[in-house]
Amino acid sequence: QVQLVESGGGLVQPGGSLRLSCAASGSIFSIYAMDWYRQAPGKQRELVAAITSGGSTNYADSVKGRFTISRDNAKNTVYLQMNSLKPEDTAVYYCNARLATAANSVVYIYWGQGTQVTVSS
């Protein structure tokens, strides 16, 4: 069994900052990539940022220059530092991990339960 647990969401004023964390635990052999997605009411879930095990990153155009994804491989944890937040960043944020549970196993995709981020004055 593998679990992803997110934390760090909340209410923040426009221009403010939040840091999200997502810790993976359980029967993990290797994590290949970890991503952050978000879903606003009435909209499809969208990729916000992604990071590989080697540290390569990718961002949605809407968050480039404001958000930073990072990971601690020793802790199986991914972070999302969000600065200069805007009301349109309001959404439920989900982390995602693509991982193997044993050597030579298939790659599994796991999701966290989501954490609410609300940007409002």
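You'll find the structure just up there.
Just so it is clear, the model here is predicted, and its values are computed rather than measured. (Residues numbered from 1 in each chain as written. Predicted model: local features only at pLDDT ≥ 70, side-chain atom pairs only at ≥ 80, totals over all residues. Heavy atoms only, no water.)

## Description of the overall build of the protein
Rules: Only DSSP runs of H or I with at least four residues qualify as helices, and only runs of E with at least two residues qualify as strands; both kinds are numbered from the N terminus onward. Every radius of gyration here is taken over C-alpha atoms, with the globule rule written as 2.2 Å times N^0.38, N being the number of residues. Exposure classes here rest on a 1.4 Å probe applied to the protein chains alone. A residue is buried below 20% of its type maximum, exposed above 50%, and partly exposed in between. Contacts were defined at the residue level, with two residues in contact if any of their heavy atoms lie within 4.5 Å. Where accessible areas are quoted, they stem from the Shrake-Rupley method and a 1.4 Å probe; at the residue level, only the protein chains shown are allowed to cover. When charges are tallied, Lys and Arg are placed among the positive residues and Asp and Glu among the negative ones, while His and the ends of the chain are skipped. Each charge is placed at NZ for Lys, CZ for Arg, CG for Asp and CD for Glu.
For the protein, the count of helices and strands is 0 helices and 11 strands. Along its sequence from the N terminus, the protein presents helices and strands in the succession β-β-β-β-β-β-β-β-β-β-β. In terms of overall size, the protein behaves like a compact globule, its C-alpha atoms giving a radius of gyration of 14 Å where 121 residues would be expected to give roughly 14 Å. Over its C-alpha atoms, taken along the principal directions, the protein stretches across nearly 50 × 25 × 25 Å. With 121 residues in all, the protein has 40% of them scored as buried. Within the protein, counting contacts between residues at least 6 apart in sequence, those at least 24 apart form 55% of the total. Summing over all exposed atoms, the protein offers an accessible surface of approximately 6400 Å²; the carbon and sulfur share of this is 47%. Charge separation in the protein, taken as the distance between the mean sites of 10 positive and 7 negative side-chain charges, equals 2 Å.

## A closer look at the environment of Ser-121
One can find Ser-121 in the segment after β11 (115-119). With relative accessibility at 84%, the residue Ser-121 sits in the exposed group.

## With respect to the packing of aromatic side chains
Given two aromatic rings, their pairing is described by the distance between the two centres and the angle made by the two planes. For clarity, the cut-off: Within 6.5 Å between ring centres, the rings of Phe, Tyr and Trp (the latter by its six-membered ring) count as paired, and their orientation is classed by plane angle as stacked under 30 degrees, edge-to-face over 60, tilted in between. In this scheme, Lys NZ or Arg CZ marks a charge over a ring once it lies within 6 Å of the ring centre and within 35 degrees of the ring normal.
Here the structure, examined in full by the defined rule, presents 2 aromatic pairs. Here the aromatic rings of Tyr-108 and Tyr-110 are separated by 6.4 Å at their centres, their planes lie at 45°, and the arrangement is tilted. Note on Tyr-108: relative accessible area 36%, which makes it partly exposed. Geometry around Tyr-94 places Arg-45 over its ring, the cationic atom sitting 3.8 Å from the centre.

## What to know about the side chain of Arg-66
Filter applied, for reference: Identification of polar contacts relies on pairs of N or O atoms within 3.5 Å, with a donor-acceptor requirement for protein atoms, meaning one able to donate a hydrogen and the other able to accept it, and with residues adjacent in sequence counted only if both atoms are side-chain atoms.
Along the chain, Arg-66 turns up in the loop between β6 (57-59) and β7 (67-72). Overall, Arg-66 belongs to the buried group, its relative accessible area being 11%. Looking at Arg-66, its side chain comes within polar contact range of the main-chain oxygen of Ser-84, at 3.0 Å.

## Describing the state of the cysteines
What counts here: By convention in this document, the label disulfide applies to cysteine sulfur atom pairs within 2.5 Å.
Under the definition given, this model contains 1 disulfide. Each disulfide pairs two cysteine sulfurs, and for Cys-22 the partner residue is Cys-95, the sulfurs being separated by 1.9 Å. Since a negative S-S torsion denotes a left-handed disulfide, the Cys-22-Cys-95 link at about 45° is right-handed. Placement of the pair is Cys-22 in strand β3 (residues 18-26) and Cys-95 in strand β9 (residues 91-100), with a sequence separation of 73 residues. Overall, Cys-22 belongs to the buried group, its relative accessible area being 0%. You can call Cys-95 buried: its relative accessible area is 0%.

## Considering the pairing of β3
Where we set the bar: In this analysis, strands are considered paired if DSSP registers two or more bridges between them.
Of the pairings in the sheet, the one linking strand β1 (residues 2-7) to β3 comprises 6 bridges and is antiparallel in character. By the bridge assignment for β3, Ser-7 is matched with Ser-21.

The analysis is restricted to geometry; functional conclusions fall outside its scope.
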